[in-house]
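A structural walkthrough
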Amino acid sequence: PEHAWPCAGNDAVRGYRWLLSQGYRAEDIVVAGDSAGGHLALDLLAVNHATGTPQPGSMVLFSPLYDPTFQLAVRNQRTGVRDPIIDAMSARKILRLYTRTADPDHPRMRVRLTPDMTLPKTLIQYGAREVMGADARATHDEITGAGGVSVIQAWPGQGHVFQLIPRLSAEARSAIDNVCTAARACAMTLPSSGALPACALSWVSAALSMPLPPCSW
């Protein structure tokens, strides 16, 4: 790509700040990202915290990338996981065209969330057959470890970002419906500590109450 790391992250930050400048309230914004876009979403949260920018009210991540070195995905594939959509080794080579010589421990590469951050309520969906399943689980652990609210769903038999094909897949349609139900359930920023408000509990309940359909693949 002509514009290498961290240009995509900078664009995501600019886009979010543009929404705020147009009068949209942070608590009414739902940030969504798939694959590498999931990493951009985490980066946005960290940059917002560092700059004192209000966090979005909710976040939805589809098969999010957590480790931009792709070591997690490669290790996951070597355990026998075979994604019907992407190959971890090939994807790592492609991602390196963007990250190039970036320090893997740079805070915008290895994003860390901390308990002093106000984090959006998050719904994570990933395919149970995908090599980036370990990244999705690591993302969930990062959010909950920092005191955030995260609901994670592993969709049986599905591959990487299966939600892209709702016209061809019943699972993709159900997953998108699930996201819409959860996102509409509540749009209120959570406190950084203390008990969850009823609104947050209802949001989690809405996400968990949607049963996963049987696999049609």
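Attention in this report is confined to the structure presented alongside it. (Residues numbered from 1 in each chain as written. Predicted model: local features only at pLDDT ≥ 70, side-chain atom pairs only at ≥ 80, totals over all residues. Heavy atoms only, no water.)

1. Some details on the overall build of the chain
Threshold: Segments assigned H or I by DSSP are reported as helices when at least four residues long, segments assigned E as strands when at least two residues long, and all are numbered from the N terminus. A simple rule labels every residue: compare its accessible area, found with a 1.4 Å probe on the protein chains alone, to the largest value its type can have, and call it buried under 20%, exposed over 50%, or partly exposed in between. Working rule for contacts: check all heavy atoms of both residues, and any pair within 4.5 Å makes them a contact. To measure how exposed things are, a 1.4 Å probe is used in the Shrake-Rupley method; for residues, cover is taken only from the protein chains shown.
When helices and strands are tallied, the chain shows seven helices and four strands. For the chain, the succession of helices and strands along the chain, N to C, is α-β-α-β-α-α-β-α-β-α-α. Counting over 217 residues, the chain shows a buried share of 48%. Residue pairs at least 24 apart in sequence account for 77% of intrachain contacts in the chain once pairs closer than 6 positions are excluded. Carbon and sulfur atoms make up 57% of the accessible area of the chain, which amounts to about 10,400 Å² in all.

2. Some remarks on the side chain of glutamine 77
Rules: Pairs of N or O atoms are called polar contacts if they sit within 3.5 Å, as long as, within protein, a hydrogen donor faces a hydrogen acceptor (for residues adjacent in sequence, only side-chain-to-side-chain pairs).
When you line up the elements, glutamine 77 lands in helix H3 (residues 71-78). At 2.9 Å, the side chain of glutamine 77 forms a polar contact with the backbone nitrogen of alanine 88. Among all residues touching glutamine 77, those that are not within four sequence positions of it are Arg82, Ile86, Asp87, Ala88, Met89 and Val131.

3. Notes on the pairing of strand E2 (residues 58-62)
This is how it is decided: If DSSP finds at least two bridges between two strands, the strands pair. When the strands point away from the viewer and the connection leading from the first strand across the helix to the second strand turns clockwise, the crossover is called right-handed.
Within E2, five of the five residues are buried, which leaves the element mostly enclosed by the surrounding structure. Of the two faces of E2, both are covered, the one formed by Ser58, Val60 and Phe62 as well as the one formed by Met59 and Leu61. Taken together, the five bridges between strand E1 (residues 30-34) and E2 define a ladder with parallel strand orientation. From the neighbouring strand, aspartate 34 faces E2, where its bridge partner is phenylalanine 62. For the crossover from E1 across helix H2 (residues 36-51) to E2, the handedness is right-handed. The sheet contact formed by E2 and strand E3 (residues 121-127) spans five bridges and is parallel. Looking at the pairing, valine 60 lines up with leucine 123 of E3.

4. Quick word on the nonpolar core
Most often, soluble globular proteins have nonpolar side chains that are buried together. We apply this condition: Buried Ala, Val, Leu, Ile, Met, Phe, Trp, Tyr and Cys residues that are joined via side-chain atoms within 4.5 Å together make up what is termed a nonpolar core.
Counting residues in hydrophobic clusters, the biggest one holds 26 residues, and the most contacted among them are Tyr16, Val31, Leu42, Met59, Leu113, Leu119 and Ile143. If you list the elements that add at least two residues to this core, you get helix H1 (7-21), H2, E2, E3 and helix H5 (133-145). Among the elements that take part in this core, H2 stands out by supplying six residues, more than any other. In this view, leucine 113 contacts Leu42, Leu45, Leu119, Glu142, Ile143 and Ala146; residues no more than four positions away in its chain are not counted.

5. Notes on the sheet that holds E2
As a reminder, the rule being used: The angle between two axes is taken between their N-to-C directions and runs from 0 to 180 degrees, where each axis is a line fitted to C-alpha atoms and a helix contributes only its stretch in contact.
In spatial order, the strands read E1-E2-E3-E4; together these four strands make up an open sheet with parallel pairing. With one partner strand each, in any of the chains shown, E1 and strand E4 (150-155) form the two edges of the open sheet. Each neighbouring strand pair of the sheet contributes to a mean axis angle of 10°, computed without reference to strand direction. Docked against the sheet, helix H6 (residues 170-185) engages E1, E2, E3 and E4, running at close to 175° with respect to E3.

6. Things to note about the packing of H1 against H2
The condition is simple: By convention, the crossing between two helices is left-handed when the near helix turns anticlockwise from the far helix through less than a right angle, and right-handed when the turn is clockwise.
Across the interface, H1 lies against H2 with an axial gap of 9 Å and an inter-helix angle of 65°. When the axes of H1 and H2 are compared, the crossing they make is right-handed. Facing H1, whose interface residues are Ala8, Gly9, Ala12, Val13, Tyr16 and Arg17, H2 presents Leu40, Asp43, Leu44, Val47, Asn48 and Thr51.

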